[in-house]
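Coordinates in review
If you want the building blocks of each chain, they are given just below.
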Amino acid sequence: MNTTKKIKSALISVFHKDGLGPIVKKLGELGVEIYSTGGTQKFIEEQGVAVTAVEDITSYPSILGGRVKTLHPKVFGGILNRQEVNSDQEELTQFEIPQIDLVIVDLYPFEDTVASGADEQDSIEKIDIGGISLIRAAAKNFKDVVCVSSRNDYAYLLEVLNSSNGETSLAQRKKLATNSFATSSHYDAAIFNYFNETEENPALKLSFNEGKSLRYGENPHQEAKLYGSIDEAFTQLHGKELSYNNLLDVDAAVQLMSEFKNENPTFAILKHNNACGIAQRSTLLAAYKDALAGDPVSAFGGILIANKGIDEATAKEIHQLFCEVVIAPSFSTEAIEILTKKKNRILLVLKDFDAPKKLVRSCLNGVLVQDRDHITDSKDMLKTATTTDASPEEVEDLLFASKVCKHTKSNTIVLAKNRQLLASGTGQTSRVDALKQAIKKANSFNFDLQNAVMASDAFFPFPDCVEIAYEAGIRSVIQPGGSIKDQLSIDFCNDKKMSMLMTGVRHFKHYFYYF
């Protein structure tokens, strides 16, 4: 059976006309009968190509302000008929329905309209009806019909037209049909999500038009892809392509630094999604040096991020360290010249983008969805649980430590002093182990824990943590509270004149690989 089909007729109805001209002219050269409507018809005529109005086929004008143009049996019969079925062909003849071999449709820009801040009425008017119906019909009948549903496929269609004199193979038509159903399903998902912002339909619709293959996943034997446009979040100035693990670290870094977005110069170094160093100072150079001092061993091969532009002096210091990625709102010309001397070092300019409000991850045979942890601990949340109050300096350190704690894998304890991370215990099965790990690490880098502060991502069910912290020199603690045995820890702090502040908000973080 010959599955090659010659394009003899085409229906074209698009919103955007850019890129369409060469296709129209080629169709004209091939003698293809073209049908069209409204603005598209006018565009085709301006190209000097013959075109027949759809109204001439249907004997029915465009009505309801253009809402109904192509929704007619003479249009859809021409698309949906099965060319190998005799009865279908007899009906085409009986009802004078022209065969349509090619459909080119570009949908109304619903997502762009919503993103522009348009009101509900304007947004709804950009919900395409005829176009989406034409796509589904043509793609369904891909055995006989070519369906082009996006400007992204114009180049491919033009290549096919030029190389085969207007003939298409079944494989080519099925490829375009697949792309068309991707277009229609994404379009419908966007509409549903728009409506569901004010409703409570339990369905989950996730759709990404762009998917990029990565070298591999967490390990070389795992395949991986990135869905979504990273260009909306960053401009990459230099370096190799970001890997799967790079992307997870970069995401963790961006989320951590978002806590310090409008604050004094802050620099952080991350490894395996956790901060191994972070400091806030009057200059970015000083912040970098003290962040590096937090753990110069783990910093090797790490991800660096700043909340201010990287200047020449800071770049010179960074250049001495082997690091995978450097992220900042900007880089001076001198900084770029210095940091690009390492050909694989990735430089990313962070844009002001909207992170997803929901976090989604696979679980068993389904997915888990939760709100992003959008609460940042602040002074107005703090309640002093002890008879000794924290000093203003201690409060600043406690909030600094709490922000770091929020973005560190549970169970975690964070130790800080003078807006510098001294050490953290990360991902431990007990809070006591996390604290002991942090103390041991701080001591190994010769940090003085006397009058340092401690942050915990969850409450203390027993006083053991505050007892160990006191012996190490820590005198102020921040934690969410909420244990039925809170008083045991409070009593110990009162006895030792330690201050304990409670936020009332827990910040567990168990997983980092969201999609």
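What counts as what
Residues numbered from 1 in each chain as written. Predicted model: local features only at pLDDT ≥ 70, side-chain atom pairs only at ≥ 80, totals over all residues. Heavy atoms only, no water. Axes fitted to C-alpha atoms, helices over the stretch in contact; angles between N-to-C directions. Helix = DSSP H or I, 4+ residues; strand = E, 2+ residues; numbered from the N terminus. Parallel < 35°, antiparallel > 145°, perpendicular 65-115°, else oblique. Left-handed = near helix turned anticlockwise from the far one by under 90°. Contact = heavy atoms within 4.5 Å. Nonpolar A, V, L, I, M, F, W, Y, C, P; charged D, E, K, R; others polar. Pairing = 2+ DSSP bridges.

Axis separation between helix α16 (residues 431-444) and helix α17 (residues 464-472) bottoms out at 9 Å; the angle between their running directions is 10°. By the angle class used here, α16 and α17 are roughly parallel. As for the relative orientation of α16 and α17, their crossing is right-handed in sense. Judged by residue contacts, R431, V432, L435, K436 and I439 of α16 engage D464, C465, I468, A469 and A472 from α17. Of the residues assigned to the contact of α16 with α17, the class counts are 7 nonpolar, no polar and 3 charged.

Another aspect to go through is the sheet that holds strand β20 (residues 421-425). The strand order across the open sheet formed by 6 strands is β18-β23-β22-β21-β19-β20, and the pairing between neighbours is mixed. Strands with a single pairing partner mark the edges of an open sheet, and in this sheet they are β18 (383-384) and β20. When β18 meets strand β23 (residues 499-502), the two strands line up antiparallel, connected through 2 bridges. Across the sheet, the residue bridging to K383 is M502, located in β23. The sheet contacts of helix α15 (residues 392-406) involve β19 (413-416), β20, β21 (453-456), β22 (476-479) and β23, and relative to β21 the element is tilted by about 35°.

This part covers the sheet that holds strand β13 (residues 302-306). Taken in spatial order, the 6 strands line up as β10-β15-β14-β13-β11-β12 in an open sheet, and their pairing is mixed. The open sheet has two free edges, formed respectively by β10 (234-238) and β12 (274-280), since each of these has just one partner strand. Across this sheet, the average inter-strand angle for adjacent strands is 20°, counted without regard to direction. Pairing of strand β11 (residues 266-271) with β12 involves 6 bridges; the strand directions are antiparallel. Of the residues in β12, the one forming a bridge with K271 is N274. Along the sheet face, helix α12 (residues 284-294) touches β11, β12 and β13 and points at about 30° away from the line of β11.

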